[in-house]
Amino acid sequence: MKLLSLIALLILTATGCRTTHPTCRIPVSQLPPPPAVANLLPGEVLAQDLSFDAATGALSYSLPEPAVVRIRIGLRDGGPMLRTLADWEEQSKGPHTMAWDKKDATGQVDFSFRNDFMAVVACLALDAHARARYDGPIKGFRKSPDPVITFPESLPHKESGAPLVKGIVPVRITVADKDQQWLSESKYEISIFVDTVFLMEDEEGTSPFTYRIDTRGLGNGLHSMTVNFVGYTGEIGTASVMFYVQNE
């Protein structure tokens, strides 16, 4: 097995390093870099000196050659993907550091109350001919799709501005117009999380998709909802919103 094939699904956690191709788990504290890996698949690039500090959100690595890089931040053990930091971004050879503010892409949902983050890094050759020979587990090279989350029967909470809901209410999840055709053709799953805790999934995603959430099991006040679209060809899209529960 390869220790850290990058497609390097680098998943940095507080456990030891295991040779479970293509995933390697290593502590978030500073560690010696993993050993070099031979026999990479055509088109793969192995990021080196990988380090992710879950306390600060800083991710550091070095590229041995120019590459296209995808970096996702999520939660371990079945939690949601929370943010895409780099989306098949062209990067130069050498060291790189990326910082995550522990918020969603809009900056409105703060996940800093969690400390079990993981970073998932994938690198492929910048050269199109080398990348064309790639035949590994990453199949999707499109930009991440964007879920859109709305509460159609809500009014804004007067203080937070978040949708105000009570009882059992519908949540409408749609695919952004730019992603509608290709994502529907390639098929995808929908996963929903409330306060980063798994709620439900639908294996045959449709748009619009409506789910009726029972808020009576939630405390009054602000909560977050995170939706992941998981494409059958490997793309993952994520969106998060705040909503305000006010039951009797």
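Below you will find a few notes about this structure. (Residues numbered from 1 in each chain as written. Predicted model: local features only at pLDDT ≥ 70, side-chain atom pairs only at ≥ 80, totals over all residues. Heavy atoms only, no water.)

## Description of the overall build of the protein chain
- Each helix and strand counted, the protein chain has 2 helices and 17 strands in total.
- Sorting the 248 residues of the protein chain into buried and exposed places 50% on the buried side.
- Here the protein chain displays about 12100 Å² of accessible surface, and carbon together with sulfur accounts for 52% of that area. (Helix = DSSP H or I, 4+ residues; strand = E, 2+ residues; numbered from the N terminus. Buried < 20%, exposed > 50% of the residue type's maximum accessible area, 1.4 Å probe, protein only. Areas by Shrake-Rupley, 256 points an atom, 1.4 Å probe, with all protein chains shown as cover.)

## What to know about the pairing of strand β3 (residues 48-53)
- Pairing geometry for β3 and strand β4 (residues 58-63), over 4 bridges, is antiparallel. Its bridge partner being in β4, Q48 is matched across the sheet by S62.
- Following β3, the chain reverses through 4 residues before pairing antiparallel with β4; G57 in that reversal takes a positive phi of roughly 80 degrees. (Pairing = 2+ DSSP bridges.)

## Let's talk about the sheet that holds strand β15 (residues 209-214)
- Strand order in the open sheet formed by 3 strands is β9-β12-β15, and the pairing between neighbours is antiparallel. Looking at which strands have only one partner, the edges of the open sheet turn out to be β9 (147-150) and β15. Sheet twist, expressed as the average angle between the axes of neighbouring strands with direction ignored, equals 25 degrees.
- Pairing of β9 with strand β12 (residues 168-175), which is carried by 4 bridges, proceeds in the antiparallel orientation. (Axes fitted to C-alpha atoms, helices over the stretch in contact; angles between N-to-C directions.)

## Quick notes on the sheet that holds β3
- The sheet built from 3 strands is open, its strands ordered β3-β4-β7 with antiparallel pairing. For this open sheet the edge positions go to β3 and β7 (94-99), each flanked by a neighbour on one side alone. Direction aside, the axes of adjacent strands within the sheet are offset by 10 degrees on average.

## Focus: the side chain of T226
- Structurally, T226 can be placed in strand β16 (residues 221-231).
- Owing to a relative accessible area of 0%, T226 belongs among the buried residues under this scheme.
- One polar contact links T226 to S240, side chain to side chain, over a distance of 2.8 Å.
- The residues touching T226, leaving out its near neighbours within four places in the chain, are P80, M81, L82, F111, S191, I192, F193, T238, A239 and S240. (Polar contact = N/O pair within 3.5 Å; in protein donor to acceptor, adjacent residues only side chain to side chain. Contact = heavy atoms within 4.5 Å.)

## Looking at the pairing of strand β13 (residues 188-194)
- Counting buried residues along β13, 6 of its 7 residues qualify, which places the element largely inside the surrounding structure.
- Sheet topology places β13 next to β16; 7 bridges connect them, and they run antiparallel. Bridged to E189 within β16 is V230.
- Across 5 bridges, the pairing between β13 and strand β14 (residues 197-202) is antiparallel. Counterpart to I190 in the pairing with β14 is D202.

## Describing the environment of W88
- Summarising the element assignment, W88 is placed in strand β6 (residues 81-91).
- Placed 38 residues apart in sequence, W88 and L126 show a C-alpha to C-alpha distance of 9.9 Å.
- Once residues lying within four places of it in the same chain are set aside, the contact partners of W88 are V68, V69, R70, A122, L124, I138, G140, F141, R142 and K143.

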